[in-house]
Amino acid sequence: MTSDATDPEKFYSTLLMAFAAGKSMKVYLHDPVVCGPENAQKINAANFFYVFD
């Protein structure tokens, strides 16, 4: 689900599963997300990703 893409635990487990299964994974990044207080750095969080052969 697209809403799961920003959950770090789901992203990491999907990444490990793809690596272990020898699959490829595409990650789509869009707008940066502010992480932390007001003057914190912006990071790119995945908006969605999928695993394929």
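A short tour of the structure in this document, coming up. Computed from a prediction, not measured in an experiment: that's the story for all the values here. Think of each chain on its own: its residues are numbered from 1, step by step along the sequence as written. Selection of residues for local features in this predicted model requires a pLDDT of at least 70, selection of side-chain atom pairs for listing and counting requires 80 or more, and totals for whole chains, interfaces and linings are taken over all residues. Here the side-chain values reflect all heavy atoms present in the structure, with hydrogen atoms and water set aside.

**Describing the packing of aromatic side chains**
Now for step 1: Aromatic contacts are taken between Phe, Tyr and Trp rings whose centres are within 6.5 Å, Trp giving its six-membered ring; a plane angle under 30 degrees counts as stacked, one over 60 as edge-to-face, and the others as tilted. One pass over the full model with this rule turns up two aromatic pairs.
Now for step 2: For the pair Phe 11 and Phe 49, a centre-to-centre distance of 5.1 Å together with 80° between the ring planes defines the contact as edge-to-face. Of this pair, Phe 11 sits in helix α1 (residues 8-21) while Phe 49 sits in strand β2 (residues 42-52), placing them 38 residues apart in sequence.
Now for step 3: Ring centres of Tyr 50 and Phe 52 lie 5.5 Å apart, and the angle between their planes is 45°; on these two criteria the pair is classed as tilted.
Now for step 4: When its relative accessible area of 36% is taken as the criterion, Tyr 50 is described as partly exposed.
Now for step 5: The cut-offs for exposure are 20% and 50% of the maximum accessible area for each residue type, with area from a 1.4 Å probe on protein chains only; residues under the lower value are buried, those over the upper are exposed, and the others partly exposed. What makes Phe 52 partly exposed here is its relative accessible area of 29%. Helical segments are the DSSP runs of H or I of at least four residues, strand segments are the runs of E of at least two, and each set is numbered from the N terminus.

**What to know about a nonpolar patch on the surface**
Now for step 1: Patch members must show over 30% relative accessible area and no salt bridge, and they are joined within 9 Å when carrying like charges or within 5 Å when they are nonpolar side chains of Val, Leu, Ile, Met, Phe, Trp or Tyr. Here the Shrake-Rupley method, with its probe set to 1.4 Å, supplies the accessible areas, and only the displayed protein chains count as covering residues. Whenever a carboxyl oxygen of Asp or Glu lies within 4 Å of a side-chain nitrogen of Lys or Arg, that contact is scored as a salt bridge. A contiguous nonpolar surface patch, about 290 Å² in accessible area, is contributed by Tyr 12, Leu 15 and Leu 16.
Now for step 2: Within the secondary structure layout, Leu 16 lies in helix α1.

**Here we look at the environment of Ala 21**
Now for step 1: Considering the arrangement of structural elements, one finds Ala 21 in helix α1.
Now for step 2: By relative accessible area, Ala 21 is classed as partly exposed at 45%.
Now for step 3: In this structure, the C-alpha to C-alpha distance between Ala 21 and Asp 53, residues 32 residues apart in sequence, is 9.5 Å.

**So, the side chain of Thr 14**
Now for step 1: Here Thr 14 shows up in helix α1.
Now for step 2: Excluding its chain neighbours within four sequence positions, the residues that come into contact with Thr 14 are Met 25, Phe 49 and Val 51. Contacts are residue-level and defined by heavy atoms, with any inter-residue pair within 4.5 Å sufficient.

**Some words on the pattern of salt bridges**
Now for step 1: Inspection of every chain in the model, using the stated rule, returns one salt bridge.
Now for step 2: Across the pair Asp 53 and Lys 23 runs a salt bridge, and its minimum N-O distance is 2.3 Å. Residue Asp 53 is found in the segment after β2, and its partner Lys 23 is found in the loop between α1 and β1 (24-34); the two are separated by 30 residues along the sequence.
Now for step 3: Looking at Lys 23, the relative accessible area reads 36%, which means it is partly exposed.

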